[in-house]
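# Secondary and tertiary structure notes
Next come the chains, spelled out residue by residue.
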Amino acid sequence: MLLPSLILVVSFLFITHPFSVRTAPGPSPAPSSALGGEWRLLHESIGISAMHMQLLKNNKVVIFDRTDFGPSNISLPNGRCRDDPNDKVLKTDCTAHSILYDVHSNSFRALTVQTDTWCSSGAVLANGTLVQTGGFNDGDHAVRTIAACRGEGCDWVEFPHALRERRWYASNQILPDGRVVIVGGRAQYNYEFYPGDSRSIRLEFLRETKDGYENNLYPFLHLLPDGNLFIFANRQSIVLDYKQDRVVKQFPAITGGDSRNYPSSGSSVLLPLDENINPVAAEVMICGGSSHNAFQLAEKGTFLRAATTCGRLRVTDDQPVWEMEKMPSARVMSDMLLLPNGDVIIINGAGSGAAGWEAGRNPVTTPHIYKPGAPAGRRFTSVAASPRPRMYHSTAILLADGRVLVGGSNPHIYYNFTGVDFPTDLSLESFSPPYLSPEFDPLRPRIVRVSGAVGYNASFTVTFRVAEFLEAGAVSVRIMAPPFNTHSFSMSQRMVVLRGAEVSCLGSEMYAAAALGPSALEIAPPGYYVLFVVHARVPSSGIWIQIQ
Ligand SMILES: *[C@@H]1O[C@H](CO)[C@@H](O)[C@H](O)[C@H]1NC(C)=O
Ligand SMILES: *[C@@H]1O[C@H](CO)[C@@H](O)[C@H](O)[C@H]1NC(C)=O
Ligand SMILES: *[C@@H]1O[C@H](CO)[C@@H](O)[C@H](O)[C@H]1NC(C)=O
Ligand SMILES: *[C@@H]1O[C@H](CO)[C@@H](O)[C@H](O)[C@H]1NC(C)=O
């Protein structure tokens, strides 16, 4: 295990060159910044369609699609091939279906996945290793791990029979005790743990929310500050005490008739947990989705308008009620990501139809930024539109430098590049939210160092530079857990606003913020986080820290 100080040195090297990213050769559209924000094409082709993405602590991104839909546009390493007599398309496939993208150099290389990862899930362990679970066909009981390692030998390790149940369209969450909980999946009304005891535990809630249309896949999971799990499926939600296999709370159905989970895919975030509020309150926000029968109608050629609403639920209240709001556009299959300043970006997706093959229409290329703390009616803004539709099987994750990495889109059963409405997209783009605009540079904190380990209840100091310092009250120190993103849901996504942030001036534009590490494992499970200093809503570039 690396010493925290060493990690900080390594991370520091990274943040001193946040803009050294080499742009890809080939066409790059002119930056579109009229509405705020800027899109950049990083690669026309990364060889695969980014269906699942996870940022690791070395600023590399693990990306994969599926092994059973024909040859990709990148070869497996070392001339290897994959033999699968059950594959529906290619019994022998010498192409790769996973890559490792290096943010720093804007380069990528192929990884080796041998079994099918289609519509699977994942979570990062406390030591920074990604654990991916399930998939389809020969991969539906598999667990695959990849460490945040270096060098050509760094690749997937597969355990094909490690899961108790088949996990296809399940959701995962990292837990305070270091295990991962894996919930649901197609025809799975239960959950299990990794590492587990070969047991799966019934969860009738998942059967009850099926309602004949199965709009309860990829259930939304959030770990609450009391250690229980919030689970949302279709329109219903509960709190599960997974330690005692007990449903301890049931919430009213979200207002309105729309379903919110796959194939009526909306998205969900746990809004930032603020440790300066005691006890820490937890609030969930769910946006978009579609009518319960949108997928069935799309298959018959009718594409219903997607849901326009978001609902917020303060799950730690005694009698929580859904507070509904209207988005500037109807959206299904959008991703919701927390941004370092506590805003939420709603990005990718379509305006009508549903998730699933050929089931979406009217791409929504304009992201919305939602400010949770602004007065009602003034929370949404729209930013620059993406040059490309990002439909079913598209992804988005936040990078440590504050950009959003966007890829994927493949609403077809194979890699279909021609003769279809929304061709399979192998590209990778980045979106720089408006806070990265140079006009905010005078207000932007630049982290110089972190003194002391960011342990539980431990005090530490972040030294940063800022040219135009407003006031101590405008500074906060936050940590973010980078999520596993697929199918419009960012699993284990989490932001904690830390206590303290008393700021002292050290002279010549240099300041020190004293802060306290998280108060509980339930608030921030052990692991690697990206730490940001935010000043006047403008975030620094983030650095990696380990909480243990
Ligand atoms: C496949 O990759 C090559 C570069 O290796 C690129 O020129 C081509 O456009 C890619 N094909 C697709 C369909 O993206
Ligand atoms: C990370 O933890 C897992 C589970 O304890 C273990 O199997 C794996 O070897 C560890 N990886 C590293 C790189 O330490
Ligand atoms: C996608 O490509 C496959 C294989 O070429 C073809 O059979 C299928 O019809 C295509 N799908 C669409 C929607 O055109
Ligand atoms: C942090 O301090 C609080 C208050 O003193 C205490 O209740 C809590 O158990 C501590 N957390 C940890 C992880 O030690």
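Calculation notes
The residue count restarts for each chain, going from 1 along the sequence in the order it is written. Key to labels: chains lettered from A, ligands numbered from 1, both in the order written. The model is predicted, so local features are restricted to residues of pLDDT at least 70 and side-chain atom pairs to those at 80 or more, both for listing and for counting; the totals for chains, interfaces and linings are taken over all residues. Hydrogens are left out, water is left out, and the side-chain values use all remaining heavy atoms of the structure. When we say a residue is near a molecule or strand, we mean one of its heavy atoms is within 4 Å of it. Pairs of N or O atoms are called polar contacts if they sit within 3.5 Å, as long as, within protein, a hydrogen donor faces a hydrogen acceptor (for residues adjacent in sequence, only side-chain-to-side-chain pairs). Calculation of accessible area relied on Shrake-Rupley with a 1.4 Å probe; when residues are assessed, cover is drawn exclusively from the protein chains displayed. UniProt positions are given in the numbering used here, feature names are shortened, and annotations may be inferred rather than shown by experiment. Labels follow the DSSP assignment, with helices taken as runs of H or I lasting at least four residues and strands as runs of E lasting at least two, numbered in each case from the N terminus. Centres within 6.5 Å make a pair out of two Phe, Tyr or Trp rings, where for Trp the six-membered ring is used; the pair is then stacked when the planes are under 30 degrees apart, edge-to-face when over 60, and tilted otherwise. If DSSP finds at least two bridges between two strands, the strands pair. Definition used for salt bridges: Asp or Glu carboxyl oxygen within 4 Å of a side-chain nitrogen of Lys or Arg. Burial classes follow relative accessibility: with a 1.4 Å probe on protein chains only, a residue under 20% of its type's maximum area counts as buried, one over 50% as exposed, and anything between as partly exposed. Cavity: a set of points on a 1 Å grid over the protein atoms alone where a 1.4 Å probe fits but cannot get out. Pocket: an open set with protein on both sides within 12 Å along at least five of seven lines, its lining residues, like those of a cavity, having an atom within 4 Å of a point. Grid points are joined across faces, edges and corners, and a volume is the space filled by probe spheres set on the points. Domain extents, as shown, originate in an automatic or database domain assignment.

So, on to the site of ligand 2. Around ligand 2, the surrounding shell consists of Leu125, Asn127 and Thr129. A distance of 2.3 Å separates an oxygen atom of ligand 2 from a polar side-chain atom of Asn127. In isolation ligand 2 exposes 360 Å². Once the protein is present, 33% of that is buried.

Time to look at the UniProt feature "domain: Galactose oxidase-like Early set" (unreviewed entry) in the chain. Under the UniProt annotation, "domain: Galactose oxidase-like Early set" (unreviewed entry) lies at residues 444–547. With 0% helix and 60% strand, residues 444–547 has its two end C-alpha atoms placed 25 Å apart.

To continue, consider the packing of aromatic side chains. Considering all chains together, one arrives at 23 aromatic pairs under this definition. Seen from their ring centres, Phe193 and Tyr242 are 5.9 Å apart, and the 55° between their planes marks the pair as tilted. Here the residue Phe193 occupies a position in strand E14 (residues 190–194), and Tyr242 occupies one in the loop between strand E18 (236–241) and strand E19 (246–250), the gap between them amounting to 49 residues. Residues Tyr415 and Phe417 carry aromatic rings whose centres are separated by 6.3 Å and whose planes lie at 15° to one another, so their mutual orientation is stacked.

Close to ligand 4 lie Tyr456, Asn457 and Ser519. At a separation of 2.3 Å, an oxygen atom of ligand 4 approaches a polar side-chain atom of Asn457. The contact in question runs from a nitrogen atom of ligand 4 to an N or O atom on the backbone of Ser519, over 2.7 Å. About the coverage of ligand 4: the protein hides 34% of its 360 Å² of free accessible area.

Attention shifts here to the pairing of E19. Of the pairings in the sheet, the one linking E18 to E19 comprises four bridges and is antiparallel in character. Note that in E19 the partner of Asp241 across the bridge is Arg246.

Quick look at the pattern of salt bridges now. Tallied over the full model, the rule gives 25 salt bridges. The partner of Glu44 in a salt bridge is Arg388, and the shortest N-O contact between them spans 2.9 Å. Placement of Glu44 in the loop between strand E1 (38–43) and strand E2 (52–55) and of Arg388 in the loop between strand E30 (380–382) and strand E31 (394–398) is noted, with a sequence separation of 344 residues between them. Residues Asp343 and Arg537 are paired through a salt bridge, measuring 2.6 Å at the closest nitrogen-oxygen approach. Separated by 194 residues along the polypeptide, Asp343 in the loop between strand E25 (335–338) and strand E26 (344–347) and Arg537 in the loop between strand E42 (527–535) and strand E43 (538–539) bring together distant segments of the chain. Exposure remark for Asp343: the relative accessible area of 4% places this residue in the buried category. One continuous salt-bridge network, built from bridges that share partners, spans Glu44, Arg388, Arg390, Asp425 and Glu429.

Let's shift gears to empty space enclosed by the protein. Where empty space is left becomes clear once a probe the size of a water molecule has been rolled over the atoms. For the coordinates displayed, the defined rule picks out seven cavities of 30 Å³ or more. Roughly 220 Å³ of internal volume is contained in the largest cavity. Considering the residues around the largest cavity, the lining is formed by 23 residues, among which Val124, Ile174, Ala481, Pro482 and Tyr528 are closest to the centre. Elements with a contribution of two residues or more to the lining of the largest cavity: E2, strand E8 (121–124) and E42. Domain assignment of the residues forming the lining of the largest cavity places at least three in each of domain 1 (6–22 + 32–436) and domain 2 (441–547).

Sheet strands pair via backbone hydrogen bonds, and the direction of the pair is either parallel or antiparallel. Pairing is antiparallel in the open sheet, where four strands are placed in the order E12-E13-E14-E15. Edge positions in the sheet fall to strand E12 (171–174) and strand E15 (201–202), since each has one partner strand and no second. Relative to E14, strand E13 (residues 180–183) is paired through four bridges, and the arrangement is antiparallel. Note that in E14 the partner of Val180 across the bridge is Tyr194.

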